[in-house]
Amino acid sequence: MAYVAIKGGRAAIDGAAEAVEFMRAGSTGKEAPLQLDAIEQQLRLLVSRVISEGGLYHPRLASLAIKQFQGDTLEAAFALRAYRSTKPRLLETPPQDTSRMRCIRRISSAFKDIPGGQMLGPTYDYALRLMRLELADETPEHFRAISRRFLAATPEAQLPATFPKVLDALRAEGLLPPVAESREAAFDITREALTFPVPRSAALATLARAETGSLLGIAYSNMRGYGDIHPTVAELRVGYLPVMLPHPVTGETMEAGEVLITECEVVAMYEGNAADGPPTFTLGYGACLGHNETKAISMAILDRALQKGMKDGAANPSEDPEFVLLHVDGVDSMGFCSHYKMPHYVTFQSDMDRLRTTQKKSKERV
Amino acid sequence: MNIARTDWARALGALPAEEIRAAAAQFARSLEVQDISLPQAGLGLLTLTDSAFHQPFYLGEVLVARAHVVLRTADGAEASGGAVILDDSKQLVRAMAILDAVLAAHLPGWESAATLLQRGHAVHAEMAAQRQHLLARTRVDFSILGLDEEEEEDDE
């Protein structure tokens, strides 16, 4: 592809920057600017999406990016990645164990009774998708009333903050493949390019910061029939994972903070034969920063699909690591798409010249 | 004070940053503070163990700051303090490292730092109680339609 350097347009480009700010402020200038606290709290799922697609856990900065880019999740995630690229890498955390997650939601569609119980937490799963018109005129007093009402009802049960994994129970029954201790270092997608075949850790990292819609679209193709994963959600949990790091003086593991994450394990079609040992269920795993259940489930399905593709060869697009992993990143794909808006005067001039020549030759033949 | 040192940063982190910085500055006026390593702020790669196959992978990145200081009193006593937090403020993590040293060695005036710690701990306890409430209010006991004795009787 040929590009050409252009010049001029400085005043228009400056004007465009002001125009976009004008659109944000509104023509009357009477609207109150969005406060970051309000975005972080009231648009928490949007913030979660930007955090996970940006690959940086910072709800405050994600809120700022959402404000700056007027709700465009792709641009907001891009801004978050640009921000992180200005920071030095200080450390890698030791592997964090998600069984320590302080859950706010935990469900299973495999069993109605799971060790520790199921907690629906904050979810729209059982809500009617009807517009609540009263929300159009809310006041701070409404918010205070919601909080008072929710906290006033005192439940009898005292529950722990952490819960055992459903998979552990299935594994104890011999229904899952055994776990082999992995000594392989995890693949760092922020510093190494994907060269296929890639280890599973590269696939998981890529899927974890992928664009939600892209993941869902490819996972959906598998669900609808371009694949045969047939997943059952063994466990889906949302909660705060304490990040444990060594204390600079004592070396003892201390809690440096916590991050909200969503995690999903799916159990899929069993496989195996007598030669390999008894058949067991296959597994898929999904996790992402923030609260994003659609993404975590889609990722778990694709993890399983990719394992199958890597083992047996890809029978459909969702099992093809190269197809999936190179097309799910929102910042990459948005960048490529957006570049078509930039001047392509030379390439298009060349296309026109060729077309005119071809048309001329075509007429001459007739 | 019955809060483990490994939980101090978490407790202090629940309070407004200005308050932590002000408290540390107060101690720094009467103590000599030496940075063992300069406070740093940057990125931490968050490693997760996937719970399906127990393989490590990187979930994403977090902002991390860490500091390590030594405090010296006028009479020559020394105390080491450190902190590592999910934040990008060098000033805040250094302030936490100072408070860590004060609390660990019970340096003069440590009681005021302990009060801060208790307040931060209380904020966390309140948050934990709200999460507990969230779980308890939404605990679900599904039963399979048709297996309930009453339903079977009704069917008959």
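Residues numbered from 1 in each chain as written. Chains lettered and ligands numbered in written order. Predicted model: local features only at pLDDT ≥ 70, side-chain atom pairs only at ≥ 80, totals over all residues. Heavy atoms only, no water.

## Things to note about the overall build of chain B
For the record, the criterion: To qualify as a helix, a DSSP run of H or I must reach at least 4 residues; to qualify as a strand, a run of E must reach at least 2; elements of each kind are numbered from the N terminus. Each radius of gyration reported is based on C-alpha atoms, and the globular scaling rule is 2.2 Å times the count of residues to the power 0.38. Throughout this description, buried means an accessible area under 20% of the type-specific maximum (1.4 Å probe, protein chains only), exposed means over 50%, and partly exposed covers the range between. The contact criterion used is simple: two residues touch if any of their non-hydrogen atoms lie within 4.5 Å. The Shrake-Rupley method, run with a 1.4 Å probe sphere, supplies the accessible areas, and residue values consider only the shown protein chains as cover. The charge count includes Lys and Arg as positive and Asp and Glu as negative, but it does not include His or the ends of the chains. By convention, the point assigned to a charge is CZ for Arg, NZ for Lys, CD for Glu and CG for Asp.
A tally of regular secondary structure across chain B gives five helices and four strands. Along the chain direction, N to C, the helices and strands of chain B fall in the order α-α-β-β-β-α-α-β-α. Here the C-alpha atoms of chain B give a radius of gyration of 23 Å, more than 25% beyond the 15 Å that 2.2 N^0.38 yields for 156 residues. Judged by the C-alpha coordinates and their principal axes, chain B covers about 90 × 35 × 25 Å. The burial tally for chain B puts 47% of its 156 residues in the buried class. Of the contacts formed within chain B by residues at least 6 apart in sequence, a portion of 58% connects residues at least 24 apart. Total accessible area on chain B stands at roughly 7,400 Å², and carbon and sulfur atoms take up 49% of it. Looking at chain B, you have 12 positive and 24 negative side-chain charges, and the mean spots of the two groups are 20 Å apart.

## A word on the interface of chain A and chain B
Put simply, the rule reads: By definition, the buried area sums, over both parts, the 1.4 Å-probe accessible area that each loses when the two are put together. By salt bridge we mean one thing: a side-chain nitrogen of Lys or Arg within 4 Å of a carboxyl oxygen of Asp or Glu. Nitrogen and oxygen atoms within 3.5 Å of one another constitute a polar contact, given that in protein one can donate a hydrogen and the other can accept it, and given that sequence-neighbouring residues count only through two side-chain atoms.
Taken together, the 86 residues of chain A in the interface contact 57 residues of chain B. A combined buried area of about 6,300 Å² lies between chain A and chain B, and 64% of that area is made up of carbon and sulfur atoms. Joining chain A to chain B, the criterion identifies five salt bridges. A:Arg200 is paired through a salt bridge with B:Asp50; the nearest N and O atoms lie 3.0 Å apart. Linking chain A with chain B are 32 residue pairs in polar contact (both at pLDDT 80 or more). Examining the composition of the side of chain A that touches chain B, we find that ten residues originate from one element, strand E6 (residues 253-271) of chain A, more than from any other.

## So, the domain arrangement of chain A
All names here are of chain A. We apply this condition: Segmentation into domains, and thus their bounds, comes from an automatic or database assignment.
Each assigned domain of chain A is listed with its residue range as follows: domain 1 (14-84) and domain 2 (98-127 + 135-331). In total, domain 1 and domain 2 occlude about 1,500 Å² of area from one another, counting both sides; carbon and sulfur atoms represent 56% of this. The largest per-residue losses of area from domain 1 upon contact with domain 2 belong to Ser52, Tyr57 and Arg81, which jointly make up 38% of the total buried on that side. Inspection of the domain 1/domain 2 interface yields two salt bridges. Residues arginine 81 and aspartate 329 are paired through a salt bridge, measuring 2.8 Å at the closest nitrogen-oxygen approach.

## Overview of helix H3 (residues 90-105) of chain B
All names here are of chain B. Spelled out, the test is: Expected span of a helix: the number of residues minus one, times 1.5 Å.
Look at H3: 23 Å from first C-alpha to last across 16 residues, which is about the 22 Å you get at 1.5 Å a residue. Every buried residue of H3 is accounted for by Leu92, Val93, Ala95, Met96, Ala97, Ile98, Leu99, Asp100, Ala101, Val102 and Leu103. Summarising the contacts, the buried residues of H3 are in contact with helix H1 (8-13), helix H2 (17-30), strand E1 (32-49), strand E2 (56-72), strand E3 (78-85) and helix H4 (110-137). Backbone nitrogen of glutamine 91 and a side-chain oxygen of the N-cap are separated by 3.5 Å at the start of H3; the cap is serine 89. Phi turns positive, to about 50°, at histidine 106, one or two residues after H3.

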